[in-house]
Amino acid sequence: MSPPVAPPGWSRWLVPPAALSVHLSIGQAYAWSVFKPPLESALGLSGTQSALPFQLGIVMLGLSAAFGGTLVERKGPRWAMTVALVCFSSGFLLSALGASLEQYWLIVFGYGFVGGIGLGIGYISPVSTLIKWFPDRPGMATGIAIMGFGGGALIASPWSAQMLESFGSDSSGIALAFLVHGLSYAVFMLLGVLLVRVPSSAPLTRETARQALTGPQVSANQAIRTPQFWCLWIVLCMNVTAGIGILEKAAPMITDFFADTSTPVSVTAAAGFVALLSAANMAGRIGWSSTSDLIGRKNIYRVYLGVGALMYALIALFGDSSKPLFILCALVILSFYGGGFATVPAYLKDLFGTHQVGAIHGRLLTAWSTAGVLGPLIVNWIADRQEEAGRHGASLYGLSFVVMIGLLVVGFVANELVRPVHPRHHIPTPKEEAAHVQPQQSESA
């Protein structure tokens, strides 16, 4: 499947809707917490067990993006979006079968493994294409590309809650909800497959591509040998761990925090809270990434990590005494979480150039895989242990919030260590190669 080239006069503003159709679909992953309580009740699972499909999905997202990044750039966005459609929808269909048969391992395999591959390939499918369409505003472009992933739960959360209410929250009702998701998202993602285009002015050969590059350029294989890459890996991992720890357990968390108060949170309100977090996640991706074009990538990550630690501290100290404060701090944390994802491709472009930024981005997303395990594991494992010790309410989460503050501080320090890439890692330009070859020819003469 060759990349579809835009005809003359094609508007670049037609490409973002193609990206959004895919990202809004795969962004359903952020609404997984809506399914956690029904699955725990129907199949007798613990909080840690019910998080496993989501965790595996994020792991596979990072791994498939890392190993498939170069392939996605070579085969183009239409091929990548098609693979994402097939895998993501198939994951839901397998999960529907697993729920119907009450075989939880099939839900883990379908949603986590197969669907996770769709998440990874779909996530990176439009990023490099949009950077090519918007070279003048890379932060905004990546924000557009990734905004839909953060906003997917804004649609999926209330939609899933309504389906579970209509179909029932037993295994058969969950199976039917998974089935509807799989078929609906297949149709919606098909719009992106049909609409996406690459710029007609894109370089067609390796030589013309290299001549078109401006500024220092670093290959993907060389980038992973630099300290800058690994500093950014730590930055992304810590920021994602802190955000995903709330997001994955959002619905039960807000219910637990205010269960012992005079104003407990209903199931419907908890689903609404998940939708609010999705909105903040989505807004942060376009808002903060566009801001990074003005104040710089390093400065914006100082905000994500430093202010994020402060928000966690406020929730830990005062969250259970004020519902507005809890919600506000959680929304800020999730906006930083989304902003971090949307800003990192532009950060990579600033450090390593545009030569293989898509492939470098794919490799960096292994940090997301790690965080996808760490965040839910920290929050769920500690909450389960605290519950076994007889604690309840907000006390289930106090220790995990302290851990998140520490991780954000580690990320802040890593961001401070980022410096420009040493010239020895740069790809030689044609002029530099010519200057290097000429003395050799003179010596041989």
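Higher on the page you've got the structure.
Engineer: For this particular structure, what's the right way to read the packing of helix 15 (residues 297-318) against helix 19 (residues 398-416)?
Structural biologist: How two helices pack is summed up by the angle between their axes together with the distance between the axes. Interaxial distance between helix 15 and helix 19 falls to 9 Å at its minimum, and their mutual angle equals 165°. Judged by the inter-axis angle, helix 15 sits roughly antiparallel to helix 19. Helix 19 is crossed by helix 15, and the crossing has left-handed handedness. Residues Lys 298, Tyr 301, Arg 302, Leu 305, Gly 306, Gly 308, Ala 309, Tyr 312, Ala 313, Ile 315 and Ala 316 of helix 15 lie in contact with helix 19, whose contacting residues are Phe 401, Met 404, Ile 405, Leu 408, Gly 411, Phe 412, Asn 415 and Glu 416. Partitioning the contact of helix 15 with helix 19 into residue classes produces twelve nonpolar, four polar and three charged.

Engineer: What exactly am I supposed to notice about the side chain of Lys 249 here?
Structural biologist: For Lys 249, the location among the structural elements is in the loop between helix 12 (227-247) and helix 13 (250-257). The buried charged residue Lys 249 lacks any salt bridge partner; its closest oppositely charged side chain belongs to Glu 40, at an N-O distance of 5.4 Å. A polar atom in the side chain of Lys 249 sits 3.1 Å from the side chain of Asn 380. The residues contacting Lys 249, other than those within four sequence positions of it, are Ser 33, Val 379, Asn 380, Ala 383 and Tyr 397.

Engineer: Even after reading the chapter, I still don't get helix 13, so can you show me in this structure?
Structural biologist: Within an α-helix, residues lying three or four positions from one another point in the same direction, as the helix has 3.6 residues per turn. The buried count for helix 13 comes to six of eight residues, which makes it a mostly enclosed element. Within helix 13 the residues assigned to the buried category are Ala 250, Ala 251, Pro 252, Met 253, Ile 254 and Phe 257. On the buried face of helix 13, the contacting elements are helix 12, helix 14 (267-295), helix 15, helix 16 (323-352), helix 18 (366-388) and helix 19.

Engineer: Hey, could you run me through helix 4 (residues 52-75) in this one?
Structural biologist: Of all bends in helix 4, the biggest is about 55°, found at Gly 68. A positive backbone phi angle near 95° is found at Gly 76, which sits one or two residues after helix 4.

Engineer: What is the right way to look at the packing of aromatic side chains in this model?
Structural biologist: Aromatic ring pairs are described here by two measures, namely the spacing of the ring centres and the angle between the planes. Considering all chains together, one arrives at 33 aromatic pairs under this definition. Judged by centre distance (6.2 Å) and plane angle (50°), the ring pair of Phe 257 and Phe 258 falls under tilted. Side by side, Phe 257 and Phe 258 carry an identical accessibility label, which is buried. Among the aromatic residues, those joined into a cluster by ring pairs are Trp 32, Phe 35, Phe 88, Phe 92, Tyr 111, Trp 159, Phe 178 and Tyr 185.

Engineer: In this structure, what is going on with the nonpolar core? I would like to understand it.
Structural biologist: If you look at soluble globular proteins, the nonpolar side chains tend to sit buried side by side. Counting residues in each nonpolar core, the largest one holds 130 residues, and the members touching the most others are Tyr 123, Phe 178, Phe 257, Tyr 337, Phe 341, Phe 352 and Trp 368. Excluding residues within four positions of it along the chain, Phe 257 makes contact with Ile 315, Gly 319, Asp 320, Phe 326, Ala 394, Tyr 397 and Phe 401.

Engineer: What is the right way to look at unusual backbone geometry in this model?
Structural biologist: Across residues other than glycine, the phi torsion is negative in most instances, and most of the peptide bonds are trans. A positive phi angle, near 60°, is found at Glu 102, a position not held by glycine. Structurally, Glu 102 can be placed in the loop between helix 5 (77-101) and helix 6 (104-124).

Engineer: What is the right way to look at the environment of Trp 133 in this model?
Structural biologist: Within the secondary structure, Trp 133 is located in helix 7 (residues 127-133). Trp 133 sits 139 residues away from Gly 272 along the chain, and the two C-alpha atoms are 35 Å apart. Beyond its immediate stretch of four places on either side in the chain, Trp 133 contacts Ala 6, Trp 10, Arg 12, Val 15, Arg 197, Val 198 and Pro 199. Polar contacts involving the side chain of Trp 133 include one to the main-chain carbonyl oxygen of Arg 197, which spans 3.1 Å.

Engineer: Would you take a moment to explain the state of the cysteines for this structure?
Structural biologist: Taken as a whole, this structure holds zero disulfides when the rule is applied. Considering cysteine sulfurs only, Cys 231 is the nearest to Cys 237, which forms no disulfide, with 13 Å between them. On the basis of relative accessible area, Cys 237 is assigned to the buried category, the value being 1%.

Engineer: For this particular structure, what's the right way to read the pattern of salt bridges?
Structural biologist: Side-chain pairs of opposite charge can arise where the charged atoms are in close proximity. Per the stated rule, a full pass over the model turns up five salt bridges. Across the salt bridge formed by Glu 388 and Arg 385, the nearest N and O atoms sit 2.8 Å from each other. Residue Glu 388 and its partner Arg 385 are located together in helix 18, separated by three residues, close to a single helical turn. Residues joined by salt bridges that share partners form a network here, namely Asp 293, Arg 297 and Asp 350.

About the cut-offs
- Residues numbered from 1 in each chain as written.
- Predicted model: local features only at pLDDT ≥ 70, side-chain atom pairs only at ≥ 80, totals over all residues.
- Heavy atoms only, no water.
- Axes fitted to C-alpha atoms, helices over the stretch in contact; angles between N-to-C directions.
- Helix = DSSP H or I, 4+ residues; strand = E, 2+ residues; numbered from the N terminus.
- Parallel < 35°, antiparallel > 145°, perpendicular 65-115°, else oblique.
- Left-handed = near helix turned anticlockwise from the far one by under 90°.
- Contact = heavy atoms within 4.5 Å.
- Nonpolar A, V, L, I, M, F, W, Y, C, P; charged D, E, K, R; others polar.
- Buried < 20%, exposed > 50% of the residue type's maximum accessible area, 1.4 Å probe, protein only.
- Lys, Arg positive; Asp, Glu negative; His and termini not counted.
- Salt bridge = Lys/Arg side-chain N within 4 Å of Asp/Glu carboxyl O.
- Polar contact = N/O pair within 3.5 Å; in protein donor to acceptor, adjacent residues only side chain to side chain.
- Bend = angle between axes of the 7 residues up to and from the residue.
- Phe/Tyr/Trp six-rings, centres within 6.5 Å; stacked < 30°, edge-to-face > 60°.
- Core = buried A, V, L, I, M, F, W, Y, C linked by side-chain atoms within 4.5 Å.
- Disulfide = S-S within 2.5 Å.

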